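# Examination of the molecular architecture
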Amino acid sequence: MSNKRILMICGQEIIKKQNDGGKKCSYRNYELYKSVFGEQNFYLIMYSDSKEQSDDSHIIRMPSHKNRLMKVTDILKGNVFTNVIYEEETIKFIEQERIDIVIFERSIFGSMIKKIKEKGLKCQIWIFVHNVEKRYFANKVKHQAFFFLLPYLIVSKSEIETIKNSDYVITLTKRDSYYLDILYGKKSNLILPMTFKDSFNKKNIINEDMNHSRTKNLLIFIGTLFLPNYKGIKWFIDNVMSELPNCELYIIGKDFEKKKEELERENVIVIGTADNLEQYYYSDSIMVMPIFFGDGMKIKTAEAMMYGKTILATDEALEGYDIEGAVGIYRCNSKEDFIQSINYSFSQPGYSYREDVRNLFLSKYCFDNQIIECKRKWLK
């Protein structure tokens, strides 16, 4: 157990809901730091629109931006997640509580970190890099709209200050560490891949022998509606599903119901937002992950591994994962790759659950094992 006092700062609500990959990763980090450093020494500040305060005095919610106009003004000034008043409140909290380590979720807190350094506070500054923001927003400019050029310039400036003034940097992948070095001359101190608490129950699996009612093989895609997911699954529908009349694709994920009319075909069904994903992970199915650009690490890959799913994924969807030799995970980067791997996988017995994939999760992407490793590294 550590005697150090730790503060995690997060730019969004992560306790009440974890409805996208970034929030799930931040909540994983919250649970990890608590487990490693001890609950009595750990605090969380979130900039949240929720007015409800927690019964736990170690969880503090501060307002984000007053309104849309003020949000634009604040962001232009470099205050990406909150206004200058609550930025100062946060710094005051760090000083009064004699915080030893401040861990920032994401690398665009440059304004606040610069003030902490200028004030001469003795706390260490740790940064958890979900993705290199300069690259993330460059992709938005390239693939989405020229409108994102201004946000790109703002986050780039903030990220420079954040990384420059950091004492310890954590990334999800080696790729992000590489780009931090290229862009800012600083590699990460630790690669900390995505992990999950193990909630799998083998008794819940619906295997192919039990599923007598289905006439077509089932493919599932799980992911929220954001650009890499949307572009990837649209490509998959247009190029792959038309060649697979004996297969049916389910698309599950937050807000995808908005694309139902556009994406649905005779063998494509859009479910969209779902409260419970387990029924799909346990189903007699194979996971497809056709994602061709992005940053960071795709957490749905680790989640699918936990359930022992057969996974057909692009290099991008597998970024950060060590899958060498795992039976049941196939790299697919073209139409032909996907079609061949899908047909082969469905011809194999036990395709809906792969012990090799499950064991890979347990050995490398299970939360409990990560706690042990982080205690060894951080509590020397």
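Our structure's up above, just so we're on the same page.
Residues numbered from 1 in each chain as written. Predicted model: local features only at pLDDT ≥ 70, side-chain atom pairs only at ≥ 80, totals over all residues. Heavy atoms only, no water.

Turning to empty space enclosed by the protein, a few remarks are in order. Summed over all chains, the structure comprises one cavity of 30 Å³ or more. Lining the largest cavity are Tyr-47, Gly-78, Asn-79, Val-80, Phe-81, Thr-82, Glu-87, Ile-108, Phe-109, Gly-110, Ser-111 and Met-112. Residue composition of the lining of the largest cavity, by class: six nonpolar, five polar and one charged. (1 Å grid on protein atoms, 1.4 Å probe; cavity = no way out; pocket = protein on both sides within 12 Å on 5 of 7 lines; lining within 4 Å. Points joined across faces, edges and corners; volume = space filled by probe spheres on them. Nonpolar A, V, L, I, M, F, W, Y, C, P; charged D, E, K, R; others polar.)

This structure, assessed with the given rule, holds 25 aromatic pairs. When the ring of Phe-221 is compared with that of Phe-256, the centres are 6.1 Å apart and the planes differ by 90°; the resulting orientation is edge-to-face. Separated by 35 residues along the polypeptide, Phe-221 in strand S8 (residues 217–222) and Phe-256 in the loop between strand S9 (247–252) and helix H9 (260–263) bring together distant segments of the chain. The residues Phe-221 and Phe-256 share a single accessibility class, namely buried. Three or more aromatic residues joined by ring pairs make a cluster, and in this case those are Tyr-27, Tyr-30, Tyr-33, Phe-37, Phe-42, Trp-126, Tyr-168 and Trp-378. Lying over the aromatic face of Tyr-179, Arg-135 brings its terminal NZ or CZ to 3.8 Å of the ring centre. Over the aromatic face of Tyr-230 sits the side chain of Lys-259, whose NZ or CZ is 4.8 Å from the ring centroid. (Phe/Tyr/Trp six-rings, centres within 6.5 Å; stacked < 30°, edge-to-face > 60°. Helix = DSSP H or I, 4+ residues; strand = E, 2+ residues; numbered from the N terminus. Buried < 20%, exposed > 50% of the residue type's maximum accessible area, 1.4 Å probe, protein only. Lys NZ or Arg CZ within 6 Å of the ring centre and 35° of its normal.)

Within the chain, Arg-98 stands out as a residue other than glycine whose phi angle is a positive 50°. Residue placement: Arg-98 occurs in the loop between helix H3 (84–96) and strand S4 (101–105). Residue Arg-98 is classed as exposed on the basis of its relative accessible area, which comes to 63%. The residue Asp-255 is not glycine, and still its phi comes out positive at about 75°.

A separate point is the sheet that holds strand S6 (residues 168–171). Read from one edge to the other, the open sheet built from seven strands follows the order S3-S2-S1-S4-S5-S6-S7, with strand pairing classed as parallel. Single-partner strands in this sheet number two, and they are strand S3 (59–62) and strand S7 (190–191). Pairing analysis gives four bridges linking strand S2 (residues 42–47) to S3, with the strands arranged parallel. For Met-46, the partnering residue across the bridge sits in S3 and is Arg-61. The sheet contacts of H3 involve strand S1 (6–10), S2, S3 and S4, and relative to S2 the element is tilted by about 175°. (Pairing = 2+ DSSP bridges. Contact = heavy atoms within 4.5 Å. Axes fitted to C-alpha atoms, helices over the stretch in contact; angles between N-to-C directions.)

Considering all chains together, one arrives at 30 salt bridges under this definition. With its nearest N and O atoms 3.0 Å apart, the salt bridge here joins Glu-264 to Lys-260. A relative accessible area of 36% means that Lys-260 is categorised as partly exposed. A salt bridge links Asp-322 to Lys-364, with the shortest nitrogen-to-oxygen separation between them at 2.4 Å. Separated by 42 residues along the polypeptide, Asp-322 in the loop between strand S12 (311–313) and strand S13 (329–331) and Lys-364 in helix H13 (residues 355–364) bring together distant segments of the chain. What makes Asp-322 partly exposed here is its relative accessible area of 37%. Each of Arg-175, Lys-298, Glu-316 and Glu-319 takes part in one network of salt bridges that share partners. (Salt bridge = Lys/Arg side-chain N within 4 Å of Asp/Glu carboxyl O.)

Keep in mind that these numbers describe shape and distance, not what the molecule does.
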